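# Structural overview for review
So you can see what is in the structure, the chains are spelled out below.
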Amino acid sequence: MVSNATNAVQPSIDSNYDRQSELKAFDETKAGVKGLVDAGVAAVPRIFVHPPRSSRDTPPQAKNQFRIPVIDLGSVGEDQIRRKEVIGEIRAAVETGGFFQLINHGIPGRVLEEALDGTRRFFEQDADVRKEWYTRDYRKVFVHYTNFDFYSSPAANWRDSFYCPVAPKSPNPEELPEVCRAMLVEYSKEVMQLGSSLFELLSEALELNSNHLKDIGCNDGLAIIGHYYPACPQPELTMGTSEHADNDFLTVLLQDQLGGLQVLHQNQWVDVPPTPGALVVNIGDFLQLVTNDKFKSSEHRVLANRVGPRVSVACFFTTGRFSTKVLGPIKKLLSEDNPPKYRETTIREYVEHYFAKGLDGTSALHHFKL
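Nothing here was measured: the structure is a model prediction, and the numbers come from that model. (Residues numbered from 1 in each chain as written. Predicted model: local features only at pLDDT ≥ 70, side-chain atom pairs only at ≥ 80, totals over all residues. Heavy atoms only, no water.)

As a further point, take unusual backbone geometry. For the bond from Ala-167 to Pro-168, the omega torsion is 10°, close enough to zero to count as cis. Here Pro-168 is to be found in the loop between strand 4 (160-167) and helix 7 (181-205). With an omega of 10°, the peptide bond running from Gly-308 to Pro-309 counts as cis. Tracing the backbone through its elements, the reader meets Pro-309 in the loop between strand 11 (300-303) and strand 12 (310-317). Phi angles above zero are rare outside glycine, and Asn-104 is one such case at about 50°. Within the secondary structure, Asn-104 is located in the loop between strand 2 (99-103) and helix 5 (109-124). (Helix = DSSP H or I, 4+ residues; strand = E, 2+ residues; numbered from the N terminus.)

Overall, the coordinates contain 20 aromatic pairs when judged by the stated rule. For the ring pair Tyr-138 and Tyr-145, a centre distance of 5.6 Å and an interplane angle of 70° mean the geometry is edge-to-face. Comparing Tyr-138 with Tyr-145 shows no difference in burial state: the two are buried. Between Phe-150 and Tyr-151, the ring centres sit 5.4 Å apart and the planes meet at 85°, which makes this aromatic pair edge-to-face. The residue whose ring lies beneath Lys-357 is Tyr-354, and the NZ or CZ to ring-centre distance is 5.7 Å. (Phe/Tyr/Trp six-rings, centres within 6.5 Å; stacked < 30°, edge-to-face > 60°. Buried < 20%, exposed > 50% of the residue type's maximum accessible area, 1.4 Å probe, protein only. Lys NZ or Arg CZ within 6 Å of the ring centre and 35° of its normal.)

Turning to the nonpolar core, a few remarks are in order. Formed by 88 residues in total, the largest nonpolar core has its most connected members in Leu-184, Tyr-187, Leu-202, Phe-249, Val-252 and Leu-287. Per-element accounting of this core gives the leading share, 10 residues, to helix 7. Beyond its immediate sequence surroundings of up to four residues, Phe-249 is in contact with Phe-199, Gly-217, Cys-218, Ile-283, Gly-284, Phe-286, Leu-287, Val-290, Phe-317, Thr-318, Leu-327 and Ile-347. Core analysis: the next-biggest nonpolar cluster, separate from the first, contains 15 residues, Tyr-17, Val-33, Val-44 and Phe-150 among them. (Core = buried A, V, L, I, M, F, W, Y, C linked by side-chain atoms within 4.5 Å. Contact = heavy atoms within 4.5 Å.)

Below, the discussion takes up the sheet that holds strand 11. Judged by pairing direction, the sheet is antiparallel, and its four strands sit side by side in the order 6-11-8-9 without closing on themselves. The two strands at the open ends of the sheet, each matched to only one other strand, are strand 6 (239-244) and strand 9 (268-271). For this sheet, the mean inter-axis angle between neighbouring strands, taken without regard to orientation, is 30°. Bridge analysis of strand 6 against strand 11 gives three bridges, and the strand direction is antiparallel. Following the sheet pairing, Thr-241 is matched in strand 11 by Val-302. (Pairing = 2+ DSSP bridges. Axes fitted to C-alpha atoms, helices over the stretch in contact; angles between N-to-C directions.)

Before going further, it helps to examine the sheet that holds strand 3 (residues 143-145). Pairing is mixed in the open sheet, where eight strands are placed in the order 1-2-10-7-12-5-4-3. Two strands in the sheet have a free side with no partner beyond their single neighbour: strand 1 (70-72) and strand 3. Strand-to-strand twist across the sheet, computed as the mean angle between neighbouring axes with direction ignored, equals 25°. Relative to strand 10 (residues 279-283), strand 7 (residues 250-255) runs antiparallel, the two sharing four bridges. From the neighbouring strand, Leu-250 faces strand 10, where its bridge partner is Ile-283.

Encoded structure:
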């Protein structure tokens, strides 16, 4: 297996291999990875082939295994004792692994099911209709694409996506694909409400006023990204999503039951098992920056799989990639013993660096360290 992978990536260093032309040819089909699978591809094209995986993929010893915390939000609004317990659980999770799963979060099960179904419907509709939405213009209200970093990453991922910013400016529903229009409107409202509660709890975990993170705009914007991971004929050669941290304040992820999401914890990859009805929440780079490393934005990835498709819906709390909003460590968290670790930047500058860098396995935060 390793031998095949090594031979497969060899064209990327072949002087006769024109990678950019191959990327462009794929992109111009507008068919995405799903188009390859629908055409019956039996081998992963070399633009998708990744280098052999590292020793971090060796399973950790049983005594060192880490489990993503599952936090129950039930009664958190009425029971103050329970609220303090939940704040403690969230604080412990975001100061260490940066990830936790939420149950009893208030979003009805039927809404979660429709979010996954609506995403699946978009990608499985007639290819000619789907292609009409395929673009690299991220200023549009709905963008269908294969890998945002398709031309800058070392290797492409076996994944198609759509991107739809829903706040602070709500899109005109008539401008959204009919097959997932109602889902996007309903699900965004539910997640915005949940996000408001989460930012209050996170503010209190920082021992700040419960509205502090909302007051500085952490939940002003929301983007919904639907991911579709087709079955892969050679999953050992590629990735569903490369190792990365998120360029937002907070991510709320809904995943189906196929699994594949992993978080890097103490230099080992840990599975985030699908839990029926649960949502996966993780800290983004922006929140690590404004909390001056108090909260951790952890690296994570998604494995490719022979079984598929895998479907997920990620909600990113961010003000959008073109925002000139200034980010910097919260002054109330700073002291002589805890000076600022990051320079001030704008979201636009951060995202431009993130997009140019691509999902190359390194943190974009390093670029902004003092």
